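# Structural overview
Here is how the chains run, residue by residue.
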Amino acid sequence: MPAASIQRKPVGASLLLTCQPDVPDSTLISDLRWSDSRNITIPPKATGQSSPPIYTESISGGQALALLFNSLQESMAGTYYCAASYSVTEQLAASVLVETYVAITWKDAPEDQRPILGDDYIVRCEVYANPPATVDWLRDGDPIKSSGRYVIENRGLLIRNVSESDDGLYTCRAAVISTGELAKRVIRVEVQIKPEVQKLPMVLNAVEGQSFSYMCNATGKPVPEFQWIKKSTQQNVADIDRFSVNALTGQLDISRVEQDDHDTYTCVAKNAAGISESTTKLNVLIRPKIIEFMNITVPQDEEAVLACKAFGRPPPEITFRRYGTTEEFTVGLQVSDDRIVLDLDTNTERGETIGNLRFSKLDKTDDGLYDCIARNPGDVAYKVGHITVEYKPNFDHMKALPPVYTWEQRPANLSCFAQAIPNATIEWRWNDRRILDLSDFNMKIEEQGVRSDLIITPREQRYFTSYKCVATNRLGREEHVMELREARIPDAIVQAKPRSVSATSMTFDIIPPAVQMGLPITAISVQYKEEFNPDWNNAINRTWSPDSPYIVEGLKPQTSFSFRFAARNVVGLGPWSAYIVHSTPKRSEPETPKTLHVPIQEENEEDDAIVASPYADHFELRWNVPVDNGEPINFYRVKYCPGSKVNGVWTELEGACLDEDIPTATHYEMRDLQADTYYRIELMAHNAIGYSRPAHLLLKTARGIDVVLRVDDRALSSAAVIGIVVGCVLLLLLVIDILCCLIGNLGLLAMMCRRTKRSPSELGDEEKLGREDEKQPLNSLPDVGVKTNSSVEFDGRGVQIRSGEIIGKNSAV
């Protein structure tokens, strides 16, 4: 058993063949055995021995013998015999043919295969079988035929010029027809794309001492990994301090760029499909450094070169400018000054530039500080240098100085300071002799650094003369003459006459005496006394500064006074002169106060000054204290009236004027004014004798909203209701009459318009003198043929028409 005489099994399979004699009495069976085709008996497995490839084993109590194959091999194929003796004399035998075959085996058929885009690729599927197997291919369940891009070979499926569309699942199917064996292998094909690095710029700029980042981009499938390689050392920069590389994104970061980083770098992108790279040069921009900028000292009118040397990568450009200015010198000849040329000398290999600012003929104005400016794409560097222009001494700053004055043997100081580079030495001469050689104790020289002071005590008249200051340096010599003069008191005042006179004061116009340069008038003095008092020792003195008004106050009214005047300087008071006698008038009312407001319109002789109030409902009037003319001012009277001014004539609203007496203050606040209204203000000062002439002012209040007074009781009285009704009726009748006049030339207004016209002169006379029929609603209109500005005015009593411009707000048309 099994009963079939032929047993077909695959190599590697296990097999059990059982031999059991079919006899009446099994006890008579002897010598039961299995033998191979060479008639060699196959022994049983020994006790304790591991199982041999083929062995026998007794079963069913020794009545059957099994032949066991642990793992069939091709060499085990053949005929196997089972034999036995029955009752010693009868021989029993049976045979079975064991045939082996090789099952389908996947020899080279990986389940994941990755062709490269554009290449020819064999999807490998090698099969071993005996008997041999036939192989076909399917994709997505559809058979693949050998044609075009697909070729079925023994090794597998050849795909020509692989494209991304070749991605997918392929089925390699093997079949052995003789055995009916069928096997499938599913292979995943994933097309890979070689990486391609985007071309890097030829040069990347990084600034020394700063951070730097750059992204290397590449395409590929699968996503490539990145490396950056430094060419000079062939190092992966990810292993260098200060460098870091993101292997997934390709970003290169340098935390702080140094000069040694100046090199060529390669970005390498790798994946399973291949490798790609691109190279760039990292140009480390070294910020400019000014390594040499020396101050220079050059004599005036000679050639000078201000040189500045700077280092950097790339070599910096150099220019100059005057310190504190923004205008820079340009390379070449300067348009504004053809004495100056800027040239540059650049050494690219060493990264150095030398800038030379050349002056063909140095001027004293070229002295000062200069900025050297070095620029490259990395930064800008500055350094300050100085040009010192040497020149011989000069006394230009002293030429306009006045002479030195002294008097009464007071020591005089003659100071001499020469402008010069290098500093000059000072020598004093008198009458062309060195003062140091004279040994004159009245002349003493004191040195104060670069300044020299000659102290002279003029005990004799001969010292009032000229002195020479001589300055010398290695470039030259210069002299300056200084005069010492004797100071005298001022001359007599040329003229003094009264300009304005009041009962208690006089204002004078005074012509002072001529003065010498350096000896000005410091004060003007006056003495005055009553004319009939012969003694000037009892006179009253008053002194003014030269630029103040010459006013004498506190005089007696109706009195004749004698005045004399003198000028004063540092020496003393000049002679009394310009004697005049003048009388004060009798006591009278005060002078007209003067308001302290700036008019918005200058007043004419006949017009009042117009001022504007910044407020709509109040205004602070201010004035100065006028001359009281012998009696103290005891109060001021302020009167103000609203109204309008037509053709130069002011018309007040009757009953609307307010006046008030103000104590000796010089300001008054006008309250409860109407907005956008003209007020005529009259201000008078009063003393025991009477009122001064009034000062007039025309005030214009600001635009605003008048204050509305509200009563506590919300209910209107019957009289108020009746008044409102009557007013509404009158307003309605007026509107109807105007409409009738405009549409049909009818009504009261039309009748008045048809009245006899009068001449403009008659109309003007009536406007000046007043009219008895003022209560008529409208005056007759001027002649149609004459074009005049006209206005209609309501003055509180009636409506008037006037020609000319009008000032005021209480107008109704």
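This structure is a prediction, so every number in the text was calculated from the model and none was measured. (Residues numbered from 1 in each chain as written. Predicted model: local features only at pLDDT ≥ 70, side-chain atom pairs only at ≥ 80, totals over all residues. Heavy atoms only, no water.)

Turning to the overall build of the protein, a few remarks are in order. Of regular secondary structure, the protein possesses three helices and 61 strands. Considering only intrachain contacts with a sequence separation of at least 6, the fraction spanning at least 24 residues in the protein is 62%. Total accessible area on the protein is roughly 47,000 Å²; 51% of this is exposed by carbon and sulfur atoms. (Helix = DSSP H or I, 4+ residues; strand = E, 2+ residues; numbered from the N terminus. Contact = heavy atoms within 4.5 Å. Areas by Shrake-Rupley, 256 points an atom, 1.4 Å probe, with all protein chains shown as cover.)

Here we take up the state of the cysteines. Tallied over the full model, the rule gives six disulfides. Disulfide pairing is shown between Cys19 and Cys82; the S-S distance is 1.7 Å. The disulfide joining Cys19 to Cys82 has a torsion of about -85° about its S-S bond and is therefore left-handed. Of this pair, Cys19 sits in strand 2 (residues 15–19) while Cys82 is found in strand 6 (residues 78–86), placing the two residues 63 residues apart along the sequence. Across a sulfur-sulfur distance of 1.9 Å, Cys125 and Cys172 are joined as a disulfide pair. Disulfide Cys125-Cys172: the torsion about the S-S bond is -85°, which places it as left-handed. Linking Cys125 in the loop between strand 9 (121–124) and strand 10 (126–130) with Cys172 in strand 15 (residues 168–176), this pair joins segments that are 47 residues apart in sequence. Cys172 carries the same exposure label as Cys125, and that label is buried. (Disulfide = S-S within 2.5 Å. Buried < 20%, exposed > 50% of the residue type's maximum accessible area, 1.4 Å probe, protein only.)

The next thing to look at is the sheet that holds strand 24 (residues 251–254). The strand order across the open sheet formed by three strands is 19-24-23, and the pairing between neighbours is antiparallel. Edge positions in the open sheet fall to strand 19 (212–215) and strand 23 (243–245), since each of these has one partner strand only. On average, each strand axis in the sheet is tilted by 10° relative to the strand beside it, whichever way the strands run. Inspection of the sheet shows strand 19 paired to strand 24 by four bridges, in the antiparallel sense. The partner of Phe212 across the bridge, within strand 24, is Ile254. (Pairing = 2+ DSSP bridges. Axes fitted to C-alpha atoms, helices over the stretch in contact; angles between N-to-C directions.)

Looking now at the side chain of Gln527. Mapping Gln527 onto the fold places it in strand 46 (residues 523–530). Judged by its relative accessible area of 9%, Gln527 falls in the buried class. A polar contact is formed between the side chain of Gln527 and the side chain of Asn541, at a distance of 2.7 Å. Here the side chain of Gln527 touches Arg564 through a polar contact of 2.5 Å, side chain to side chain. (Polar contact = N/O pair within 3.5 Å; in protein donor to acceptor, adjacent residues only side chain to side chain.)

A few words now on the pattern of salt bridges. Pairing between side chains becomes possible if they bear opposite charge and their charged atoms approach one another. Applying the stated criterion across every chain, the model contains 43 salt bridges. Of the charged contacts in the structure, one is a salt bridge between Lys289 and Glu208, with a shortest N-O distance of 3.5 Å. Taken together, the residues Lys289 in strand 26 (residues 274–293) and Glu208 in the loop between strand 18 (203–207) and strand 19 connect sequence positions 81 residues apart. The class of Glu208 is buried, set by a relative accessible area of 17%. Residue Arg339 pairs with Asp337 through a salt bridge whose shortest N-O separation is 2.9 Å. Bridged by salt links that share partners, the residues Arg242, Arg256, Glu258 and Asp261 form one connected network. (Salt bridge = Lys/Arg side-chain N within 4 Å of Asp/Glu carboxyl O.)

To continue, consider the sheet that holds strand 49 (residues 560–568). Across the sheet, which stays open at both edges, the four strands sit in the order 47-46-49-50 with antiparallel pairing between neighbours. If you trace the sheet from one side to the other, it starts and ends with strand 47 (540–544) and strand 50 (577–583), each paired once. Put simply, the sheet's adjacent strands are angled 25° from each other on average, direction ignored. Relative to strand 47, strand 46 runs antiparallel, the two being bridged by five bridges. Of the residues in strand 47, the one forming a bridge with Gln527 is Asn541.

The next thing to look at is the nonpolar core. Formed by 23 residues in total, the largest nonpolar core has its most connected members in Leu414, Trp428, Met443, Leu454, Ile456, Tyr467 and Leu484. If you list the elements that add at least two residues to this core, you get strand 36 (412–417), strand 38 (425–430), strand 41 (451–456), strand 42 (466–473) and strand 43 (476–486). Those residues in contact with Met443 that lie beyond four places of it in its chain are Trp430, Ile435, Leu438, Leu454, Ile455, Ile456, Tyr463 and Tyr467. Listed in part, the 22 residues of the second largest apolar core include Val298, Leu306, Ile340 and Ile387. (Core = buried A, V, L, I, M, F, W, Y, C linked by side-chain atoms within 4.5 Å.)

Pro2 follows Met1 through a cis peptide bond whose omega is 0°. Counting through the fold element by element, Pro2 comes out in the segment before strand 1 (6–10). The peptide bond linking Arg313 to Pro314 adopts the cis configuration, its omega dihedral lying at -5°. Looking at the secondary structure, you find Pro314 in the loop between strand 28 (304–313) and strand 29 (317–322). Positive phi is not limited to glycine here, since Asp432 has a value of about 60°. Mapping Asp432 onto the fold places it in the loop between strand 38 and strand 39 (433–434).

With that settled, consider the environment of Met1. Mapping Met1 onto the fold places it in the segment before strand 1. Under the relative-accessibility criterion, Met1 is labelled exposed at 59%. In the structure, Met1 is positioned 17 residues away from Thr18 in sequence and 5.1 Å away in space, judged by C-alpha atoms. If we skip the residues at most four places from it in the chain, Met1 touches Leu16, Leu17, Thr18 and Gln20.

Take a nonpolar patch on the surface next. On the surface, a nonpolar cluster with roughly 810 Å² of combined accessible area is contributed by Val721, Ile722, Val725, Val726, Val729, Leu730, Leu732, Leu733 and Ile736. Assignment of secondary structure puts Ile736 in helix 1 (residues 718–744). (Patch = residues over 30% accessible without salt bridge, like charges linked within 9 Å, V, L, I, M, F, W, Y side chains within 5 Å.)

Turning our attention to the environment of Gly250. If you trace the backbone, Gly250 turns up in the loop between strand 23 and strand 24. The spatial distance from the C-alpha of Gly250 to the C-alpha of Cys216 is 4.8 Å, given a sequence separation of 34 residues. Excluding its chain neighbours within four sequence positions, the residues that come into contact with Gly250 are Tyr214, Met215, Cys216, Phe226 and Trp228.

Counting across every chain of the model gives 17 aromatic pairs. On the numbers, 6.3 Å between centres and 45° between planes, the contact of Phe561 with Phe563 is tilted. Through successive ring pairs, a cluster of aromatic residues spans Phe508, Tyr528, Phe561, Phe563 and Phe565. Its end group placed over the ring of Tyr391, Lys364 keeps NZ or CZ at 4.5 Å from the ring centre. Taking the ring centre of Trp536 as reference, the NZ or CZ of Lys529 above it sits at 4.5 Å. (Phe/Tyr/Trp six-rings, centres within 6.5 Å; stacked < 30°, edge-to-face > 60°. Lys NZ or Arg CZ within 6 Å of the ring centre and 35° of its normal.)

Looking at the secondary structure, you find Asp379 in strand 34 (residues 379–394). According to the relative accessible area criterion, Asp379 is partly exposed, its value standing at 34%. Note: C-alpha distance between Asp379 and Ile286 (93 residues apart in sequence) is 8.5 Å. Sequence-distant contacts of Asp379, defined by excluding residues within four places in its chain, comprise Arg287, Pro288 and Ala374.

A separate point is the pairing of strand 28. Residues Ala304, Leu306, Cys308, Ala310 and Gly312 of strand 28 are buried on one face, while the alternating residues Val305, Ala307, Lys309, Phe311 and Arg313, pointing to the opposite face, are not. The pairing of strand 26 with strand 28 spans five bridges and is antiparallel. Note on strand 28: the bridge partner recorded for Ile290 is Ala310. Both strand 28 and strand 32 (residues 352–359) contribute to a ladder of eight bridges, which runs antiparallel. Bridging across to strand 32, Phe311 finds its partner in Glu352.

Averaged over the protein, the pLDDT score is 85; the fraction of residues at 70 or greater is 90%. Low pLDDT, under 50, characterises residues 706–715; the predicted model gives this stretch three contacts beyond four residues in sequence or across chains. Below a pLDDT of 50 lies the segment residues 756–813, which in the model reaches 86 contacts outside its immediate sequence neighbourhood of four places, other chains included. (pLDDT = per-residue confidence, 0-100.)

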